[in-house]
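If you want the building blocks of each chain, they are given just below.
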Amino acid sequence: MDKLVVHGGATLRGSINISGSKNASLPILAAAILTGEDCIIRRVPDVSDTNYMIQILSALGADVERSSGTVRISCAEVIDEAPYELVRRMRASICVMGPLLARKGRCVVSLPGGCVIGDRPVDLHLRGLEALGAKVEFEGGNITLTAPNGLRGAEIDLRGTHGPTVLGTDNVMMAATLAEGITVIESAAAEPEVLDLANFLNAMGAKITGAGTRRIVIEGVKELHGVEHTVIPDRIEAGTFMAAAALAGDGVTLRRVCREHLKTITAAIVQSGHRVDFNEAGDTCTVYRGETLQGLEISTAPYPAYPTDMQAQMTALLVTTPGISVIKDTIFPQRFMHCAELKRMGADIKVDNGTAVVRGVAQLSAAPVMASDLRASAALVLAALTAKGATEISRLYHIDRGYEHIDEKLLMLGANVERVKDR
Ligand code: EPU
């Protein structure tokens, strides 16, 4: 297991490219199951989650080639059972369920277990697929869905207690592309990653309108065909580097971003006193650390509101921002594991009932800390950039799930980081 050692105090400068979105790539890779023809997908980030998805597709029978950011997938023949050993490693593998069911009329996937950021049930995915006519059975930790006579369009409301579901919307939308008749998804997730998937599916011949809003309408078609697609920029990777630049930068430029997707993250960084300048096209931004800083109140909520996937990183920025900040996570109220580790570095944080109250301190000090999930690990790396001394972050595999070459990108910006093999 690798560790990251971050020597705090270096000033970040220069520019880097932001990678393609991990969370857009995962369902798009799975959507290739919907056709027997070749799909070519560009800017797929080289992270362990996309590699797991590629392994799952290969195990299902797909022929997959990966060369740098481009993945070519051919699903001429696929089987309908996803292997437990691969599926259990990544919760997002649940998004093979919709396409497999639509293509094969049956699918077996293992029920995802608990996860460190919360309970994460799949009841809404199943409710949606049942509405399309699938029969759902549970046995031996697996979910089996069957629709021997094909799927039929339906009106489905996907709202859960914490709002819409991103991968649930993806699963139902993918299954509905090959259903007979019209499907309407109400309370759909409107995240840019859902829209990117819909664009991919439409390019394959699907008839989807309304993606990116709360109401998606899908007119079923008989078959889909091969396609070439470029994945959208990763707004969470961009936001993470924006926070790094605000913490420790002196003019850090991020290329290949999308201003529209970064609105609430930019607003939070600017409101806390930093400067963010976008070019006219909105695909490059430069972040300057501010001089007069202030605490913030942030509440995560579904897009277009502030994203839960940038909650931990913003907390890391705010622990050394003067004043009181209040950070509430309405989507995953238990997603505060990073706070205990940040406290070991000297942060003043109280977490209660899905809300962290942060009192800004002047500086953190290095300590050995442990990554607990993807975004929590990013928060620890950010905190370590300005901490006094060398912070050792163990269990780095969490960060490698979703950040492409994060240590190399930080090194390019002048950070003093080194990846070491844990003994
Ligand atoms: N929920 C249910 N029932 C369901 C599905 C979800 O109650 O059947 C609840 C969840 O427990 C949560 C809320 O609904 O409280 C939203 O969860 P959602 O289903 O939207 O999450 P997801 O689709 O499993 C994706 C991202 C997550 C991101 C969430 C929320 C991918 C691969 N994952 O997960 O990304 O936090 O949406 O925006 O797209 C990450 O990248 O670090 C990450 C965890």
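Residues numbered from 1 in each chain as written. Predicted model: local features only at pLDDT ≥ 70, side-chain atom pairs only at ≥ 80, totals over all residues. Heavy atoms only, no water.

Colleague: What exactly am I supposed to notice about helix α5 (residues 123-131) here?
Modeller: For an α-helix the count is 3.6 residues per turn, leaving residues at separations of three or four pointing the same way. Burial in α5 covers these residues: L124, H125, L126, G128 and L129. Next to the buried residues of α5 lie α4 (97-104), β7 (135-139), β8 (142-146), β9 (155-157) and α6 (166-177). Looking at the residues trailing α5, positive phi occurs at G133, about 105°. (Buried < 20%, exposed > 50% of the residue type's maximum accessible area, 1.4 Å probe, protein only. Helix = DSSP H or I, 4+ residues; strand = E, 2+ residues; numbered from the N terminus. Contact = heavy atoms within 4.5 Å.)

Colleague: I keep staring at the layout of surface pockets and nothing clicks. Help me out?
Modeller: Once rolled over the atoms, a probe with the size of a water molecule shows which space is left empty. There is about 250 Å³ of room inside the second largest pocket. Taken together, 17 residues form the lining of the second largest pocket, with S19, R256, E404, H405 and K409 sitting closest to its centre. With three residues, the top contributor of residues to the lining of the second largest pocket is helix α14 (residues 406-412). For the lining of the second largest pocket, the class distribution of residues is five nonpolar, six polar and six charged. Of the domains in this structure, domain 1 (2-19 + 233-421) and domain 2 (22-230) are the two that each give at least three residues to the lining of the second largest pocket. (1 Å grid on protein atoms, 1.4 Å probe; cavity = no way out; pocket = protein on both sides within 12 Å on 5 of 7 lines; lining within 4 Å. Points joined across faces, edges and corners; volume = space filled by probe spheres on them. Nonpolar A, V, L, I, M, F, W, Y, C, P; charged D, E, K, R; others polar. Domains from an automatic or database assignment.)

Colleague: In this structure, what is going on with the site of the ligand? I would like to understand it.
Modeller: Not every one of the 24 residues close to the ligand is listed here, only the nearest: D123, L124, T165, D309 and I331. Contacts to the ligand include P121, whose backbone N or O atom sits 3.2 Å from an oxygen atom. Between an oxygen atom of the ligand and a side-chain N or O atom of T165, the distance comes to 2.6 Å. The fraction of the free accessible surface of the ligand (830 Å²) that becomes covered by protein chains is 92%. Among the elements of the structure, α1 (22-31), α5, α6 and α12 (374-386) are those that each provide at least two residues to the shell around the ligand. (Near = heavy atom within 4 Å. Polar contact = N/O pair within 3.5 Å; in protein donor to acceptor, adjacent residues only side chain to side chain. Areas by Shrake-Rupley, 256 points an atom, 1.4 Å probe, with all protein chains shown as cover.)

Colleague: Mind showing me how you'd approach the packing of α1 against helix α7 (residues 192-203) here?
Modeller: Geometrically, a packed helix pair is captured by the angle between its two axes and the distance between the axes. Look at α1 against α7: their axes get within 9 Å of each other, and the N-to-C directions meet at 30°. Classified by the angle between their axes, α1 and α7 sit roughly parallel to one another. Handedness of the crossing formed by α1 with α7: right-handed. Within the contact between the two elements, α1 uses N23, A24, P27, I28 and A31 and α7 uses E193, D196, L197, F200 and L201. Taken together, the residues of the contact of α1 with α7 break down into seven nonpolar, one polar and two charged. (Axes fitted to C-alpha atoms, helices over the stretch in contact; angles between N-to-C directions. Parallel < 35°, antiparallel > 145°, perpendicular 65-115°, else oblique. Left-handed = near helix turned anticlockwise from the far one by under 90°.)

Colleague: Honestly, empty space enclosed by the protein in this entry has me stumped. Any pointers?
Modeller: Counted by the stated rule, this structure contains one cavity of 30 Å³ or more. The calculated volume of the largest cavity comes to roughly 40 Å³. Forming the boundary of the largest cavity are T240, F241, A244, A378, V381, L382, L385, I406 and L410. Of all the elements in the fold, those that place two or more residues in the lining of the largest cavity are α8 (235-248), α12 and α14. Broken down by element, the lining of the largest cavity gets its largest block of residues, four residues, from α12. Residue composition of the lining of the largest cavity, by class: eight nonpolar, one polar and no charged.

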